[in-house]
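This is what each chain is made of:
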Amino acid sequence: MLAILFLYREVLDRPLVGIDAVRAKPSQKLPVVFTRNEVRTILEQVAGTNRLMVQLLYGSGLRLMEVLRLRVKDVNFDHHCIIVRDGKGRKDRVTILPEPVEPSLKQQMQKTRHFYEMDQIDGHHEVWMPNALAKKYPSEAKSYHWQYIFQSPKVSVDPRSGLTRRHHLSDSQLQNVVKSAIRSAGVEKHASCHTFRHSFATHLLEDGYDIRTVQELLGHKDIRTTQIYTHVLNKGGNAVKSPLSRL
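Quantities reported herein were computed from a predicted structural model and do not represent experimental measurements.

Student: Explain the pattern of salt bridges here, please?
Tutor: If the charged atoms of two oppositely charged side chains come close together, the side chains can form a pair. Evaluation of the coordinates by the stated rule reveals 12 salt bridges. The shortest N-O distance in the salt bridge between Glu66 and Arg63 comes to 2.7 Å. On the accessibility criterion, Glu66 (10% relative accessible area) is buried. Measuring nitrogen to oxygen at the nearest pair gives 3.0 Å for the salt bridge that ties Lys73 to Asp74. The class for Lys73 is partly exposed, based on a relative accessible area of 27%. Among the charged side chains, a salt-bridge network with shared partners connects Lys73, Asp74, Arg85 and Asp92.

Here you go:
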């Protein structure tokens with residue numbers, strides 16, 4: 001209806017009179033959230049590099065592509081934080097680097113160093129950079145600190161530039177690993193990689209952290225987006241005692 005009103009008003013210059021249309025409010029569905037025990041059980045089904053990536057999904061509240069696009073320079077072990085560059089909405093943010101993953105992450109970065117030194121010999125160590133930065137700092141694309149942490153095991157030809165490069169791991173690979181782990185863990189929920197991010201936020205609020213802090217860690221522009229997790233906390237028996245229990 002709104003499209004028809006726009007057509008007559010803006011295109012045909014014949015506004016329809018006496019017709020009121022109200023924009024429908026989008027339905028607000030509660031996100032699927034794992035319990036802490038479910039997270040633990042799912043992690044037990046995953047090993048190696050995949051396990052580390054899943055730990056970052058949950059322990060840092062990262063989106064799938066934010067994990068895959070992590071670069072060496074984005075991790076600060078001294079301050080136990082991760083800098084997410086160009087996240088959703090093209091915004092940067094700082095989030096938690098969970099201390100339990102630090103030893104595994106350091107080992108993974110040693111693999112990154114190995115691939116980098118190997119690619120230097122073949123002349124394939126140049127990595128993709130955002131266009132503006134690539135023009136401003138052309139030599140940085142060949143530096144180690146710009147390398148992806150979770151690198152593909154094979155180099156490939158970049159269709160945009162024609163250069164042979166080592167890109168990050170495929171998103172479909174981790175998605176398939178997570179789906180398989182959820183099934184193996186016996187978790188009967190319609191869940192995905194993004195469910196770990198929902199669980200990260202919900203569990204922080206359960207632990208008593210301020211909603212503004214959680215908002216900053218998630219990178220939400222509007223506090224109302226973060227508030228959806230408070231509804232998850234209030235759902236079911238977490239906050240309200242059934243009168244049946246008092247009989």
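Student: Just checking my understanding: could you explain helix 8 (residues 193-206) for this structure?
Tutor: Since the α-helix turns once every 3.6 residues, residues separated by three or four places project in the same direction. Here helix 8 spans 21 Å end to end across 14 residues, near enough to the 20 Å set by a 1.5 Å rise per residue. Counting buried positions along helix 8 gives 12 out of 14 residues, so the element sits mostly inside the fold. Looking at helix 8, one finds that the buried residues are Cys193, Thr195, Phe196, Arg197, His198, Ser199, Phe200, Ala201, Thr202, His203, Leu204 and Leu205. Just downstream of helix 8, Gly208 is the residue with a positive phi angle, here 95°.

Student: Looking at this structure, how should I read the packing of aromatic side chains?
Tutor: Pairs of aromatic rings are described using the distance from one ring centre to the other and the angle between the two planes. Taken as a whole and judged by the stated rule, the model has two aromatic pairs. Here Phe34 and Phe196 contribute two aromatic rings whose centre-to-centre distance is 5.0 Å and whose plane-to-plane angle is 50°, an arrangement assigned as tilted. A residue pair is termed long-range when its members are at least 10 positions apart, and Phe34 in the loop between helix 1 (2-11) and helix 2 (36-43) and Phe196 in helix 8 qualify at 162 residues. The same class applies to Phe34 as to Phe196, namely buried. Residues Tyr116 and Tyr144 carry aromatic rings whose centres are separated by 5.7 Å and whose planes lie at 55° to one another, so their mutual orientation is tilted. Highlighted residues: Tyr116 in helix 5 (residues 102-122) and Tyr144 in the loop between helix 6 (131-136) and strand 4 (156-157), separated in sequence by 28 residues. In terms of burial, Tyr116 and Tyr144 fall into one category: buried. Above the plane of the ring of Trp146 lies Lys73, whose end atom (NZ or CZ) is 4.3 Å from the centre. Lying across the ring of Tyr144, Arg113 places its NZ or CZ 3.7 Å from the centre.

Thresholds, definitions, all that
Residues numbered from 1 in each chain as written. Predicted model: local features only at pLDDT ≥ 70, side-chain atom pairs only at ≥ 80, totals over all residues. Heavy atoms only, no water. Salt bridge = Lys/Arg side-chain N within 4 Å of Asp/Glu carboxyl O. Buried < 20%, exposed > 50% of the residue type's maximum accessible area, 1.4 Å probe, protein only. Helix = DSSP H or I, 4+ residues; strand = E, 2+ residues; numbered from the N terminus. Expected span 1.5 Å × (residues − 1). Phe/Tyr/Trp six-rings, centres within 6.5 Å; stacked < 30°, edge-to-face > 60°. Lys NZ or Arg CZ within 6 Å of the ring centre and 35° of its normal.

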